[in-house]
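# Architecture at a glance
What follows is the residue order along each chain.
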Amino acid sequence: MRIHAGLIALIFLQALPAPADDQEDDLGALIAFARTSPLTDGGCWLEMQNVFGHWEKLALIFGVADPGDAAACAEIASRAAETNPARKYRCNPVD
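Here's what I pulled together on the structure shown here. Counting from 1, residues in each chain are numbered in the order their sequence is written. For this predicted model, a pLDDT threshold of at least 70 governs which residues receive local features, and a threshold of 80 or more governs which side-chain atom pairs are given and counted, while totals over whole chains, interfaces and linings are taken from all residues. No hydrogens and no water enter the side-chain calculation; it runs on all heavy atoms of the structure.

## Some words on helix α2 (residues 69-83)
Short version of the rule: Runs of H or I in DSSP of at least four residues are treated as helices and runs of E of at least two as strands, each being numbered from the N terminus. Helix span, as expected, comes to 1.5 Å for every residue beyond the first. Buried, partly exposed and exposed residues are distinguished by accessible area as a fraction of the type maximum, computed with a 1.4 Å probe on protein chains only: under 20%, between the cut-offs, and over 50%, respectively. In this analysis, two residues are considered to be in contact whenever any of their non-hydrogen atoms come within 4.5 Å of each other.
In this model, α2 (15 residues) spans 21 Å end to end at C-alpha, consistent with the 21 Å of a helix rising 1.5 Å per residue. Among all positions in α2, only D69, A72, C73, E75, A77 and A80 are buried. Looking at the buried residues of α2, the elements they touch are β2 (44-49), β3 (55-62) and β4 (89-93).

This is the structure we're talking about:
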């Protein structure tokens, strides 16, 4: 499977440095938006397990027409795992 960059919408959550409180507020707002917006129907969260065993949201993947958001997320997670095998990655639906 090959994903074309023009077909995918990604929002990387850790792209810009900000105080921890601001990041938590922004993440909460993004999660609320993703759960209610028709734009993110079928979208997936790319998550990574941190050193404490907690899953952190890394990116919101949505808007992939074919093969679909879940397949696109799975491919990105697979490539991330190849690049950084010490970490575990997974995809979760936006629900």
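## Side note on the pattern of salt bridges
Formally: The salt bridge criterion pairs a side-chain nitrogen of Lys or Arg with a carboxyl oxygen of Asp or Glu, the two atoms within 4 Å.
In the structure shown here, the tally under the stated rule is three salt bridges. Its salt-bridge partner being E47, residue K57 comes within 3.1 Å of it at the nearest N-O pair. Of this pair, K57 sits in strand β3 while E47 sits in strand β2, and the two are ten residues apart along the sequence. We classify K57 as partly exposed; its relative accessible area is 23%. According to the relative accessible area criterion, E47 is buried, its value standing at 3%.

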